[in-house]
Amino acid sequence: MLLLTKAIFAIMIGFLFSSVLGLFLVPLFKRLRIGQKISVFVGEAHRKKEGTPTFGGLIFIIPTIIITLGLLITGKIPYTSNLGIVLLVFTGYAFIGFLDDYLSIKRGDNEGLTTYQKLFLQVLIAVGFFYIYMKNGGQTAWVVGTLHIDIEMGWLYGLFILLVLVGSSNAVNLTDGLDGLAGGLSAIAFVAFSLISLMVGFEDIGIFTLILVGSIVGFLIFNTHPAKIFMGDTGSLALGGVMGAIAILAHRELTLLVVAGVFVIETLSVIIQVFWVQVLHKRLFLMTPLHHHFEKLGWVETDIVKLFWVFGLILAMAGIIFGVWL
């Protein structure tokens, strides 16, 4: 009963904090003219969104960090190395995204940090992750008991951490192309990971994740169609990075592929499209990521978001079973 109370409190306080913060930040960013630059490759419907405030990820990032620190200071949740790593990755990737968004706005285009600059910063965070993880006795073997997988990776586990963080952060970033799409899918995925974490004994990660879920839902008040603010790379990189971190710390890396299945499909659509063009010299999809393919087919934006949310929910439920069973 105490755990249930903590879970409900975590969601509620996250939601209330982010909702109130959004009421202040959205008009503030409008006055400051911190507007999103829209890619020239998207359709006219998206071009109309140019100028919509960005940096919206701060609406769920700030509450999640402050509430988590507040619970730590008051002793409501104990500090663990896992929680320290989660906060490191969350704030670190938010910082990378913030720099990217800031440079895009400053330069007046859709280009922020270069690929190499992003990768360098992501490597630094992965190194910090690996250092804290190893200092506190973390295992360096990839283990999936039911599939009889037990591979000792040694120092290569640090590279594995980097690959998961980069892959998951880029997957959410690619999916953030329609109003409410990435935010809604992330909230669904984090609900799944919170339940998995709590059921397999990672209460610290579970409570943090529920705070984040509540904060994302509060953000969606302002981000669903028509979006009053975009999360920007500030939000998408933070969400993707911490999702990967949670999967690693809970030893549910394979579960990540299921729970975040829509993000995986979106990323694969881009990879397949590039392969198709390079090798076969034609397009398989009308446009990628996949949500843009549906747009080109004439689907309404809100219908695409609903469809992807439903698939995300189905995969999340399957992922809960898969994650606990593993």
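As a reminder, the structure under discussion sits directly above these lines.
Since this is a predicted model, take the numbers as computed values, not measurements. (Residues numbered from 1 in each chain as written. Predicted model: local features only at pLDDT ≥ 70, side-chain atom pairs only at ≥ 80, totals over all residues. Heavy atoms only, no water.)

1. Side note on a nonpolar patch on the surface
Test applied: The patches reported here contain residues having more than 30% relative accessible area and no salt bridge. Joining distances are 9 Å for like charges and 5 Å for nonpolar side chains (Val, Leu, Ile, Met, Phe, Trp, Tyr). Only the protein chains shown count as cover for residues, with accessible areas throughout obtained via the Shrake-Rupley method and a probe of 1.4 Å. Basic side-chain nitrogens of Lys or Arg form a salt bridge, by our definition, when they fall within 4 Å of a carboxyl oxygen of Asp or Glu. Secondary structure is summarised from DSSP: a helix means a run of H or I of at least four residues, a strand means a run of E of at least two, and numbering begins at the N terminus for each. Buried, partly exposed and exposed residues are distinguished by accessible area as a fraction of the type maximum, computed with a 1.4 Å probe on protein chains only: under 20%, between the cut-offs, and over 50%, respectively.
Residues Phe15, Leu16, Val217 and Ile221 make up a contiguous nonpolar surface patch of about 310 Å² in total accessible area. Contributions of two or more residues to the nonpolar patch are made by helix 1 (2-31) and helix 8 (203-223). Along the polypeptide, isoleucine 221 turns up in helix 8. Accessibility expressed as a relative area gives 43% for isoleucine 221, which makes it partly exposed.

2. Side note on the environment of isoleucine 321
Checked against the element boundaries, isoleucine 321 lands in helix 13 (residues 301-325). Under the relative-accessibility criterion, isoleucine 321 is labelled exposed at 61%. In this structure the C-alpha to C-alpha distance between isoleucine 321 and isoleucine 196, which are 125 residues apart in sequence, comes to 8.6 Å.

3. Details of the side chain of threonine 234
Keep this limit in mind: Think of a polar contact as two N or O atoms within 3.5 Å of one another; within protein, one of them needs to be a possible hydrogen donor and the other a possible acceptor, and neighboring residues in sequence only count if both atoms come from side chains. Note on definitions: a residue-residue contact is assigned when non-hydrogen atoms from the two residues lie within 4.5 Å.
Looking at the secondary structure, you find threonine 234 in helix 9 (residues 232-249). Residue classification places threonine 234 among the buried residues on the basis of a relative accessible area of 1%. Within the structure, threonine 234 has its side chain in polar contact with the backbone nitrogen of phenylalanine 98 (distance 3.4 Å). Threonine 234 has contacts with Phe55, Leu58, Ile61, Ala94, Gly97, Phe98 and Asp101, leaving out every residue within four places of it along the chain.

4. Re unusual backbone geometry
Of note, the bond from histidine 225 into proline 226 is cis; its omega dihedral lies within 30 degrees of zero at -5 degrees. For proline 226, the location among the structural elements is in the loop between helix 8 and helix 9. With an omega dihedral of 0 degrees, the bond running from threonine 288 to proline 289 counts as a cis peptide bond. Phi is positive for histidine 251, close to 55 degrees, though the residue is something other than glycine.

5. A word on helix 9
Helical geometry: 3.6 residues make up each α-helical turn, so side chains three or four residues apart lie on a common side. Applicable threshold: A helix is expected to span 1.5 Å for every residue after the first.
Between its first and last C-alpha atoms helix 9 spans 26 Å; for 18 residues at 1.5 Å apiece the expected length is 26 Å, and the two agree. Within helix 9, 18 of the 18 residues are buried, which leaves the element mostly enclosed by the surrounding structure. Backbone geometry just after helix 9 places histidine 251 at a positive phi near 55 degrees.

6. Structural notes on empty space enclosed by the protein
In plain terms, the rule: Method remark: on a 1 Å grid restricted to protein atoms, a set of points is classed as a cavity if a 1.4 Å probe fits but cannot get out and as a pocket if it is open with protein on both sides within 12 Å along at least five of seven lines; lining residues have an atom within 4 Å of a point. Grid points are joined across faces, edges and corners, and a volume is the space filled by probe spheres set on the points.
Tallied over the entire structure, the rule returns one cavity of 30 Å³ or more. Volume-wise, the largest cavity comes out at about 40 Å³. Residue lining of the largest cavity: Leu185, Ile188, Ala189, Val259, Ala260, Gly261, Val262, Phe263 and Gly312, and that is the complete set. Breaking the lining of the largest cavity down by element, the ones donating at least two residues are helix 7 (181-199) and helix 11 (261-280).

7. Considering the layout of surface pockets
Remark: the empty space left among the atoms is shown by a probe the size of a water molecule rolled over them. Which entries qualify depends on this criterion: Classification convention: Asp, Glu, Lys, Arg as charged; Ala, Val, Leu, Ile, Met, Phe, Trp, Tyr, Cys, Pro as nonpolar; all other residues, Gly among them, as polar.
Each pocket or cavity is described by its volume, and for the second largest pocket that value is around 340 Å³. Contributing to the lining of the second largest pocket are 19 residues, with Gly167, Ser168, Leu256, Leu257 and Val264 lying nearest its centre. For the lining of the second largest pocket, the elements supplying multiple residues, two or more each, are helix 6 (156-175), helix 10 (253-259) and helix 11. The biggest single contributor to the lining of the second largest pocket is helix 6, with seven residues. For the lining of the second largest pocket, the residue count by class is 15 nonpolar, three polar and one charged.

8. Considerations on the pattern of salt bridges
Enumeration according to the criterion identifies three salt bridges in this entry. Salt-bridge contacts for glutamate 203 lead to lysine 6; the nearest nitrogen and oxygen are separated by 3.0 Å. Placement of glutamate 203 in helix 8 and of lysine 6 in helix 1 is noted, with a sequence separation of 197 residues between them. Residue glutamate 203 is classed as partly exposed on the basis of its relative accessible area of 32%. Of the charged contacts in the structure, one is a salt bridge between aspartate 233 and lysine 118, with a shortest N-O distance of 3.7 Å.

9. Considering the packing of helix 5 (residues 115-135) against helix 9
Put simply, the rule is: Note on geometry: axes are C-alpha line fits, over the in-contact stretch for helices, and angles between N-to-C directions span 0 to 180 degrees. Convention used here: angles under 35 degrees read as roughly parallel, angles over 145 as roughly antiparallel, angles from 65 to 115 as roughly perpendicular, and any remaining angle as oblique. Definitions for this section: a left-handed crossing has its near helix turned counterclockwise from the far helix by less than a right angle. A right-handed crossing has that turn clockwise.
For the pair helix 5 and helix 9, interaxial distance at closest approach is 13 Å and the crossing angle is 30 degrees. Comparing their axes, helix 9 and helix 5 come out roughly parallel. In the packing of helix 5 onto helix 9, the handedness of the crossing is right-handed. Where helix 5 approaches helix 9, its residues Lys118, Phe129 and Tyr133 are matched on the opposing element by Asp233, Ala245, Ile248 and Leu249. Grouping the amino acids of the contact of helix 5 with helix 9 by side-chain chemistry returns five nonpolar, no polar and two charged.

Worth remembering: the numbers are spatial, not functional.
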